[in-house]
Each structure stands twice: as structure tokens, then as C-alpha cells.
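Next come the chains, spelled out residue by residue.
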Amino acid sequence: MYRTFAYQQVDVFAPTAFNGNGLGVVFEADHLDSEQMQRFAQWLNLSETVFFVTPSNAEADYAIRIFTPTTELPFAGHPTLGAAHAWIEAGGEASPNGHLIQQCDAGLIQVRIEREAGENHARRLAFLAPPLTRSGPLEADVLQWAISGLGINAEDVIAHQWLVNGPHHAGLVLRDADLVLGIEPDYAALDGLELGVIGPYTASNVTQGVWQPHATVLPRISGTREELRPLDYSDQTRSEERFGSVVLQPPADFEVRAFVPGEAIQEDPATGSLNAGFGVWLTKSGLAPQRYTVRQGTRVGREAILHIEATEYGVWVSGDVATRIDGTVSFD
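Because the structure is a prediction, the values reported are computed rather than measured.

1. A look at the pairing of strand β8 (residues 123-128)
The buried fraction of β8 is high, at five of six residues. Looking at chain direction, strand β7 (residues 107-115) and β8 are connected through four bridges and run antiparallel. What sits directly across from I113, in β8, is L125. One ladder, built from six bridges, connects β8 with strand β16 (residues 314-331); its direction is antiparallel. Each bridged residue has a counterpart across the sheet, and for R123 the counterpart in β16 is V321.

Encoded structure:
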């Protein structure tokens, strides 16, 4: 006998339709067991799927369980914003100041409404980054593992740190965004390591807003994957060069990529938890300003945009969220 549940598929960190990270949302899922949830998440094959359950903490507005295709997570960023959006769309009401509280296995997560949905724009939500449960520099062997698997050089790494806040991310700050985009990871070599890389768009420092690539850069066809091919390593001024698609201004302050070799989706299109970890680390260390933007998903055909803001209360990660599929799903 089939049981039917309300279901939505939500686009998170998406400035335009289908450019963010998709999230499956199953409502009123208390009667599903962990095995059923995991099997559905595996079948759906999105980065994550969330299931609404009854909260056990009276302070929470709602509670969710978060599953990747292979495992359950105590916390994840894009599921947090996607679930908050779905809860509001289903009739949930935030407090008068636009805040709401989500319960997950990591505890209570604060979410706020930064902009309500309008005719010409999606709802924008933000979550307060949870504390890191592991930080500090990567061990020497882990760092070498990451460098080798990414196919980069040790001198390309500006800084590194553990960024564990649910997922077990190892984070690397690389020299620039070009280097981030040019990585061709060896997933077999990286198996067992959850790895995030971030690099700045240094062209944003050009005050006139006009920039031209050095003559040593090979011509690239703008708007195609050709521009994403690694740069010519014979060029000695590589760190000052940009892709042809960012001549006038960079798409964001930083480019981020997240590699998860053990999952069905080995490069995540938009990762809230990783960017929360980067935000906490980089704003405190002075490696990033107190407010900055991130583009992610470029190499997998997405154009997710994340907004990071450090305040006296902590680091907020925000982005646009919209419902793309609304219906039902049936379980045995």
C-alpha cells in the first residue's frame, strides 16, 4: 500500500532559474524510517534531500533530517535554506523580525529572511554559520594528499585549514580564481577526502572597472567551456590574468569549488556549509573582507552566487531560493 507525501524540489543559491543546487524536500515524514529516507535520497541523486519531522526542541519552528545519496548529515547549508523556503511556502510564519529556527542533528540553526519573493526576484534567505567542530591547519600528509589529487603545486596554496561543521571539509585558499577553475581533479586519488578550494578574482582590485588580459594569454571563446581550460603554464604572470568572460568586472569576489569523491555528485554545484566554514575562517584571519560574494558551480554548468557577511553575531551565508517542482511522492 502506497503512502503519499507532499514533495517539492527547490533551487538554492540560484540567481536565475536552474543555476543553483537542487534540493529534494519531503514534508511530514515522521512515518518514514532512516532506510526509506536514505533509499529515496539515493534514487533522487541530488546533492541532498531533506525530510521534515516533528521537532523535539520547543524553540524550533521545524525540524529536518538531511541525506546525501550515501549518508545522513548533521548539518548542511543549501538544505538549510531550501528547507526554510519550503516551510515558508507551506504556510510557516517567521517571527516579526523575519527570523526562524531550524532543528537538525547539529542543533538549532538560525535562519533569517533577507528579501521576500517578488514578481521579478526570488526569496533570499540567510543562515548563521554553526561553530566549527574541527579547525586548524591540515596535517602535512593530508595537505600533500589534497595537492597531489588536485594536480597543483605547493606554492599555489596560500593557506589551508579544516572546516568541519557537519561535513568534514578540508579547505584550501589558492592563489587566484583562474587556478581554481583550471583544476582537473583526480577523484580516485582524492577518494576519502572532502575538499573545498577558494581563490580570489584579483581583477576586482582594478578601480576603473576596465581590464584587459596580458598578451601572453591564448585567445578564448567567451561563454563556452573553452574558456575553462587550464591556462598555459609557460606564462610566468599567470596570477594576474583573467578569463575573457571577466574583462569588465569579475562575476564575484571569489570562485569556489567543492569536491566530494565518495558521493554520486563528485563536484557540488553550491555548498553552504563549505562557504560557511570559509567565511568564519577567512573573515577572522583577514584573508577576506567582512562582506564578500562567491560564485560556485561554473565547471559543472551552474552559476550559483553566495553572499557572505561577518557580523557581531557571527557569519551569515545567504542566497536566492525558489521552488521549481511542487507535487507528491509515493513510498511503499
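Still more to cover.
2. A look at the environment of H31
Relative to the helices and strands, H31 is located in the loop between β2 (21-26) and α1 (34-44). Considered as a pair, H31 and V53 are 22 residues apart in the sequence and their alpha carbons are 8.8 Å apart. Leaving out residues up to four positions away in the same chain, H31 has contacts with R3 and Q36.

3. Section: the pattern of salt bridges
Evaluation of the coordinates by the stated rule reveals 14 salt bridges. Of the charged contacts, one joins R115 and D320 as a salt bridge, the two residues approaching to 3.1 Å between their closest N and O atoms. In this pair, R115 is assigned in strand β7 and D320 in strand β16, connecting sequence segments 205 residues apart. Here D320 falls in the buried class, since its relative accessible area comes to 10%. Residues R123 and E116 are paired through a salt bridge, measuring 2.9 Å at the closest nitrogen-oxygen approach. Linked through salt bridges whose partners overlap, the residues forming this network are R112, E114, R291 and E309.

4. With respect to the pairing of β2
The element β2 is extensively covered by neighbouring structure, given that six of its six residues are classed as buried. Here β2 pairs with strand β3 (residues 48-53) via four bridges, running parallel. Pairing of G24 across the sheet is with T49, part of β3. Read as a crossover between parallel neighbours, the route from β2 over α1 to β3 is right-handed.

5. With respect to the nonpolar core
Core analysis: the biggest nonpolar cluster contains 51 residues, and F52 and Y62 have the highest contact counts within it. Once residues within four sequence positions are removed from consideration, F52 is found in contact with V25, V26, F27, E28, A29, D30, Y62, A63, I64, A83, A86 and W87. By size, the runner-up hydrophobic cluster in this structure holds 21 residues, among which are L143, V164, L179 and F259.

6. Remarks on the packing of aromatic side chains
Enumeration over the complete set of coordinates arrives at 13 aromatic pairs. Taking 5.9 Å as the distance between ring centres and 25 degrees as the angle between the ring planes, the aromatic pair formed by F40 and W43 counts as stacked. On the criterion of helical spacing, the pair formed by F40 and W43 is a turn pair, its members being three residues apart in helix α1. Owing to a relative accessible area of 67%, W43 belongs among the exposed residues under this scheme.

Rules behind the numbers
Residues numbered from 1 in each chain as written. Predicted model: local features only at pLDDT ≥ 70, side-chain atom pairs only at ≥ 80, totals over all residues. Heavy atoms only, no water. Buried < 20%, exposed > 50% of the residue type's maximum accessible area, 1.4 Å probe, protein only. Helix = DSSP H or I, 4+ residues; strand = E, 2+ residues; numbered from the N terminus. Pairing = 2+ DSSP bridges. Contact = heavy atoms within 4.5 Å. Salt bridge = Lys/Arg side-chain N within 4 Å of Asp/Glu carboxyl O. Right-handed = clockwise from strand over helix to strand, strands pointing away. Core = buried A, V, L, I, M, F, W, Y, C linked by side-chain atoms within 4.5 Å. Phe/Tyr/Trp six-rings, centres within 6.5 Å; stacked < 30°, edge-to-face > 60°.

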